[in-house]
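# Analysis of the macromolecular model
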Amino acid sequence: MDEAPRDFGFNTRAVHAGQRPDPYTGASATPIYQTAGFVFEDTESASAYFNLQEYGNVYSRIMNPTVAAFEERLANLEGGVGAVAFASGLAAQAALFFALLEPGDRIAVAKALYGGSTAQLNHLARKLQITVDWVDMDDPDGWRRSVTTETKALFAETIANPGGNVLDISLAAAVAHEVGAPLVVDNTFATAYLCRPLEFGADLIIHSATKFIAGNGTTIAGAVVDSGTFDWSNGRFPSIADPSTAYHGLKFHETFGVYGLLMKLRSETLRDFGAVLAPFNAFLLLLGIESLAVRMDRHVANALAVAEWLREQPGVAAVRHPALPDSPYRSLVERYLPAGAGSVFSFDLESGREGGRRFIEALSLWSHLANVGDTKSLVIHPASTTHRQLSDEELAASGVAPGTVRLSVGLEDVDDLVWDLERGLHAARNSAVTA
Amino acid sequence: MQEIVLNARTVAIVGLSASELRASHFVGYYLQRHGYRVIPVNPNEELVLGERVYPRLRDVPERIDVVDVFRDPAAVPEIAREAVEVGAGALWLQFGVISPEGARIAKEGGLAVVMDRCLKVEHARLLGRMHWMGFDTGVIAGSRH
């Protein structure tokens, strides 16, 4: 019987994509292939694997079946042709830009960006002689004004960390394609459940899988997902279209077509960088991603409830949750994030730096730590931690006020979360009185 | 498409290159390894992958299940006419080989047609090891068959 292939839904694919019952043992869970190497069938097979003529496992610094199950699942959920996993989100990001860029190239990057990404791109720029053009992503003409004929990629987050700026994906993609460059989107805060940027014209996705994908703060991991639709042979990407010295003159894009960039990223960049995802970590990610949709629905609901409560409280100067009715991003949320704008947002205390410190010290349920996207609710006060060295003026330039607090709302009961925040706000208000 | 991959035995590759770095050679090598009989068709070569090369499809002296094309799309209508003439089972046009005219000719001649797909990828997706490389195979299954 030749029936049409079924178009399975998101939840089904989150549980099954990339994994089949183990053909040898029947194991239902994905086995953890905790092995460095793989025994070749014969010398002919070994050489075929090394020459990339045949799909075969060679060495776990390049590929591993447990890691591959995670890669396929993530690619499937994002609507890409494939993915390459890395040891962290920043490793994925560094590897992708290393693969795409040549000395002298430019990239246009949203200013509202995770601080670790900003620092990494500044270092890459200096070491690799590339230029980063920082873009005001909220300005409708920002991207167009910032690209040049040397621009090789546009890069932004779906929902910016920590400002909550929402990217107009279709607009950025249109500008990127006008200059023959790919749009790269960091989809960490939205996940494929809340937004699939490839459907709006983005070409490549970066994830810190450490966050909502792992789901419970156990695992550092990252990945690159490719749409497979960008034309790397447009004359602007010699490192992907031209003969590779690492593989006897192989042209990755011509030979592997839509899989060309991913083949290069795996068999050249990952191989050279060595920032490989461990099989056990991939196993944890597979467990996490199975429940992605269920968790995200609760994360979204809890975060919105906390944000709505916060904006009614004395001592709170502003709440920046993109889905609030008065948010400047409300219309972009309706277009790109109809199921919710994630669960990480920030708010400002009227009591400034000292109030922020007292607020954190008074909390007992929320964890004070430098991560987001956990089942547990997390809080950080940038002015006294991640941005501690900056003056008030420098803070303002990076979009953070002295009293800004970032929340990552977890899966606890909202009443309990609010009970604890109330205690923190009380302490912050008292600091304002005594200061 | 699935039936073509599963049932084919003899694949004539039009435009099969002798260069090991070309996509056509990757596909030919792969199909040979997986038990298909590969017949190279290329007026500029004599021996590729250990097989005698025929200049044109109509010179091939045996039954062809699949005509797999790595040629400029402009060359496809003529290849499709030959494929019909020799009674091939299917016309398979690789990534980027897009020819609605060629596809129409083959279909009217009774051939199954696949366009803008890679035979190697579709084989690896269904039967093989594509999922070992982190590519999305689209296979969703909880049973062992």
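Residues numbered from 1 in each chain as written. Chains lettered and ligands numbered in written order. Predicted model: local features only at pLDDT ≥ 70, side-chain atom pairs only at ≥ 80, totals over all residues.

## A look at the overall build of chain B
Across its full length, chain B holds five helices and seven strands. Element order for chain B, N to C, with α for helix and β for strand: α-β-α-β-β-β-β-α-β-α-β-α. By the compact-globule yardstick of 15 Å for 145 residues, chain B fits well, its C-alpha radius of gyration being 15 Å. Overall, the C-alpha framework of chain B stretches about 45 × 35 × 25 Å when taken along its three principal axes. The buried share of chain B, taken over its 145 residues, is 47%. At a minimum sequence separation of 6, the contacts of chain B that also span at least 24 residues come to 55%. (Helix = DSSP H or I, 4+ residues; strand = E, 2+ residues; numbered from the N terminus. Rg over C-alpha atoms; globule rule 2.2 N^0.38 Å. Buried ≥ 20, exposed ≤ 12 C-beta atoms within 10 Å, placed from the backbone. Contact = placed C-beta atoms within 7 Å.)

## Quick notes on the overall build of chain A
If you tally the helices and strands in chain A, you get 17 helices and 14 strands. Relative to the compact-globule value of 22 Å for 435 residues, chain A shows a C-alpha radius of gyration of 22 Å, a close match. Dimensions of chain A, computed from the C-alpha atoms along their principal axes, are close to 80 × 55 × 40 Å. Within chain A, the proportion of its 435 residues that are buried is 54%. For chain A, the proportion of contacts with a sequence separation of at least 24, taken over those separated by at least 6, is 73%.

## Comments concerning the interface of chain A and chain B
Contact with chain A, which involves 39 residues of that partner, is made by 27 residues of chain B. Of all the elements in the fold, those that place two or more residues in the side of chain A that touches chain B are α1 (10-16), α3 (65-78), β1 (82-86) and α10 (252-256) of chain A.

## Some details on the nonpolar core
In terms of nonpolar packing, the biggest core is built from 181 residues, with Leu 96 and Leu 154 of chain A together with Val 67 and Leu 91 of chain B touching the most fellow members. With nine residues, helix α4 (residues 89-100) of chain A is the single largest residue contributor to this core. Viewed by domain, this core spans two of them, domain 1 (36-288) and domain 2 (292-434) of chain A, each represented by three or more residues. Look past the residues within four positions of Leu 96 of chain A in its chain and what remains in contact with it is Val 184, Leu 204, Ile 206, Val 224 and Leu 265 of chain A. (Core = buried A, V, L, I, M, F, W, Y, C linked by C-beta atoms within 7 Å. Domains from an automatic or database assignment.)

## Comments concerning the environment of Ser 24 of chain B
Residues and elements named next belong to chain B. Within the secondary structure, Ser 24 sits in helix α2 (residues 23-33). Between the C-alpha atoms of Ser 24 and Val 69, which are 45 residues apart in sequence, the distance is 8.7 Å. Leaving out residues up to four positions away in the same chain, Ser 24 has contacts with Ile 13, Gly 15, Leu 16, Ser 17 and Phe 70.

## Comments concerning the confidence of the model for chain B
When pLDDT is averaged across chain B, the result is 94; 99% of the residues are at 70 or more. Listed scores for the predicted complex are pTM 0.94 and ipTM 0.90. (pLDDT = per-residue confidence, 0-100.)

## With respect to the sheet that holds strand β10 (residues 316-320) of chain A
Residue and element names in this part refer to chain A. The sheet built from five strands is open, its strands ordered β10-β11-β14-β13-β12 with mixed pairing. Across the chains shown, the open sheet's two edge strands, defined by having one partner strand only, are β10 and β12 (367-368). In this structure, strand β13 (residues 378-380) lies alongside strand β14 (residues 404-408), joined through three bridges in antiparallel fashion. Bridge pairing in β14 links Val 379 to Leu 407. Where helix α15 (residues 352-362) meets the sheet, its contacts fall on β11 (344-349), β12, β13 and β14, and the angle it forms with β11 comes to roughly 125 degrees. (Pairing = 2+ DSSP bridges. Axes fitted to C-alpha atoms, helices over the stretch in contact; angles between N-to-C directions.)

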